[in-house]
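Each chain, written out:
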Amino acid sequence: METLNVRAAGGGAAGGPTAPPANFANMPLGFDISESNGPQPPSVADFEALRTAGKSFGILKVAQNVVDRQFDPRYPLVRDAGLIRGSYDFFAPKDVAIQ
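Residues numbered from 1 in each chain as written. Predicted model: local features only at pLDDT ≥ 70, side-chain atom pairs only at ≥ 80, totals over all residues. Heavy atoms only, no water.

## So, the pattern of salt bridges
(1) Moving on: For the coordinates displayed, the defined rule picks out 2 salt bridges.
(2) Moving on: Between Glu35 and Arg69 there is a salt bridge, and its shortest N-O distance comes to 2.5 Å. Of this pair, Glu35 sits in the loop between strand 1 (29-33) and helix 1 (44-52) while Arg69 sits in the loop between strand 3 (66-67) and helix 2 (71-80); the two residues are 34 residues apart in sequence, bridging distant segments of the chain.
(3) Moving on: Among the ionic pairs, Asp80 bridges to Arg79, the shortest N-O distance being 3.3 Å. (Salt bridge = Lys/Arg side-chain N within 4 Å of Asp/Glu carboxyl O. Helix = DSSP H or I, 4+ residues; strand = E, 2+ residues; numbered from the N terminus.)

## Some details on the nonpolar core
(1) Moving on: In terms of nonpolar packing, the biggest core is built from 10 residues, these being Phe31, Ile33, Phe47, Leu50, Leu60, Phe71, Leu77, Val78, Ala81 and Leu83.
(2) Moving on: Broken down by secondary-structure element, the contributors of at least two residues to this core are strand 1, helix 1 and helix 2.
(3) Moving on: Ranked by the residues each element gives to this core, the list is headed by helix 2, at 3 residues. (Core = buried A, V, L, I, M, F, W, Y, C linked by side-chain atoms within 4.5 Å. Buried < 20%, exposed > 50% of the residue type's maximum accessible area, 1.4 Å probe, protein only.)

## Considering helix 2
(1) Moving on: Listed as buried for helix 2 are Phe71, Arg74, Leu77 and Val78. For helix 2, the buried positions fall inside an angular range of 135° around the axis, keeping them on one side.
(2) Moving on: Here the buried face of helix 2 lies against strand 1, helix 1, strand 2 (55-64) and strand 4 (84-90).
(3) Moving on: One or two steps after helix 2, the chain reaches Gly82, where phi turns positive at roughly 85°. (Arc of directions from axis to C-beta. Contact = heavy atoms within 4.5 Å.)

Right under this line is the structure:
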């Protein structure tokens with residue numbers, strides 16, 4: 001099973017979170033995750049590590065032309081880790097003539 005790379009998700013060189021720029025210092029920090037982050041769902045411990053690293057919410061992609069197969073297994077894990085969760089559907093319009 002693959003695990004989330006907490007460092008890539010905002011951790012600093014020592015594995016801890018980097019300080020946000022001053023104009024974002026008092027704003028909540030979160031992450032965006034989709035199937036492109038890996039085919040296997042992470043564990044609740046992976047999301048708890050993100051919370052420990054300073055994240056307070058996670059946004060998960062539901063679909064982009066096709067349904068994200070990792071949305072259903074990941075969505076409850078974000079809540080179980082004590083994070084606020086949200087979702088989005090990535091939409092790109094097509095020219096009617098092409099359809």
